[in-house]
Amino acid sequence: MSTPLYSIPGSPAPAAAPPPAPPDAIGAARTVNEVLAGSRVEAVMDELDRDLVGLAPVKSRIRDIAALLVVDKLRANLGLVPAGRTPAPSLHMCFTGNPGTGKTTVALRIAQILHRLGYVRQGHVVSVTRDDLVGQYIGHTAPKTREVLKKAMGGVLFIDEAYYLYRPENERDYGQEAIEILLQAMENHRDDLVVILAGYKERMDTFFRSNPGMNSRIAHHIDFPDYTPDELLQIAERMLAGRQYRFGEGARAAFAQYLGRRTRQPHFANARSVRNALDRARLRAASRLFADRDRVLTEAELTTILPADILASRVFAAAAP
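Residues numbered from 1 in each chain as written. Predicted model: local features only at pLDDT ≥ 70, side-chain atom pairs only at ≥ 80, totals over all residues. Heavy atoms only, no water.

**A word on the pattern of salt bridges**
Here is step 1: Applying the stated criterion across every chain, the model contains 15 salt bridges.
Here is step 2: Across the pair Asp205 and Lys201 runs a salt bridge, and its minimum N-O distance is 3.7 Å. Here the residue Asp205 and the residue Lys201 both occupy positions in helix α9 (residues 201-210), the gap between them amounting to 4 residues, near one helical turn.
Here is step 3: Accessibility expressed as a relative area gives 30% for Asp205, which makes it partly exposed.
Here is step 4: The partly exposed category is assigned to Lys201, whose relative accessible area is 39%.
Here is step 5: The closest approach of N and O atoms between Arg243 and Asp279, which form a salt bridge, is 2.5 Å. (Salt bridge = Lys/Arg side-chain N within 4 Å of Asp/Glu carboxyl O. Helix = DSSP H or I, 4+ residues; strand = E, 2+ residues; numbered from the N terminus. Buried < 20%, exposed > 50% of the residue type's maximum accessible area, 1.4 Å probe, protein only.)

Shown next, in the form of structure tokens:
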């Protein structure tokens, strides 16, 4: 079932979206600084830099999009909008990259930016997959898709693994019906809805080749790179700190060894795999402490991950590469 998103594990939860800026706060602005001051959008961009590790090209692209929106506000304030045309630019996007590279988190920040600049009414994010949109029988898909769109209006609709909407090998598949309804909504409600498609780059490229109508409505394609080993270590330390843990002596080096092996194995999912590895390390630490039931445990013991908690992973049991 589709639900609004507010955070993902391992990243700071964004603050609740504030009320939209009063119309006169940015409606009379004549400089970039006046728009930024009235909308408070620069605070969101600063959060991207401060709270998210790496993603330099992604952050740069988001700042470019924000700059375009600010300038468009200034143009609108001067009446530089062609007669009979909507002032809302096309803001539908495609995020490509491997799992765990921050796509959902960035979608949350974009929703905040759009809300603060007045491009969407609410600034929430509704995250869905194929199952939330496509029905199992005739007449089931249209109401499912329209219900999701109704929930997303005024905000951002984030469709993960969007390529699964199109299954040409199954002539009785109803995904094409959902795509057609989405296309109509993306065009007719572009001033109140932003759709973000997400998934692996190669599969999304194939999807767009098969659905040129969808491709023509996507204004911004943003590729999310994998994290470097150093960035993954930074993410791990932030995740631990968020749960009142830390690496003990030698544990950080042990986790770096873990990453060196795990990143070469199948199904590695960047920050998501880091989170899972730390959860298993916490389980081993808890079992280690649980074994000595009568001893009074110190704060340091209850908050420290030791090298043994990491080196016990089955990743180290595999033959060394």
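**Topic: the packing of helix α3 (residues 41-51) against helix α5 (residues 103-116)**
Here is step 1: It is the contact of α3 with α5, at a shortest axis distance of 8 Å, that shows an interaxial angle of 165°. Here α3 lies roughly antiparallel to α5, going by the angle between them. For the pair α3 and α5, the sense of crossing is left-handed. Together, Val41, Ala43, Val44, Met45, Glu47, Leu48 and Asp51 of α3 and Val106, Arg109, Gln112, Ile113 and Arg116 of α5 make up the contact between the two elements.
Here is step 2: Residue composition of the contact of α3 with α5, by class: 7 nonpolar, 1 polar and 4 charged. (Axes fitted to C-alpha atoms, helices over the stretch in contact; angles between N-to-C directions. Parallel < 35°, antiparallel > 145°, perpendicular 65-115°, else oblique. Left-handed = near helix turned anticlockwise from the far one by under 90°. Contact = heavy atoms within 4.5 Å. Nonpolar A, V, L, I, M, F, W, Y, C, P; charged D, E, K, R; others polar.)

**Quick notes on the packing of aromatic side chains**
How two aromatic rings sit relative to each other is set out by the distance from centre to centre and by the angle between their planes.
Here is step 1: Per the counting criterion, the structure on display carries 6 aromatic pairs.
Here is step 2: Taking 5.0 Å as the distance between ring centres and 50° as the angle between the ring planes, the aromatic pair formed by Phe95 and Phe224 counts as tilted. Of this pair, Phe95 sits in strand β2 (residues 93-97) while Phe224 sits in strand β6 (residues 220-224), and the two are 129 residues apart along the sequence.
Here is step 3: Its relative accessible area of 0% is what places Phe95 among the buried residues.
Here is step 4: The lysine or arginine in question, Lys73, covers the ring of Tyr119, its NZ or CZ lying 4.7 Å from the ring centre. (Phe/Tyr/Trp six-rings, centres within 6.5 Å; stacked < 30°, edge-to-face > 60°. Lys NZ or Arg CZ within 6 Å of the ring centre and 35° of its normal.)

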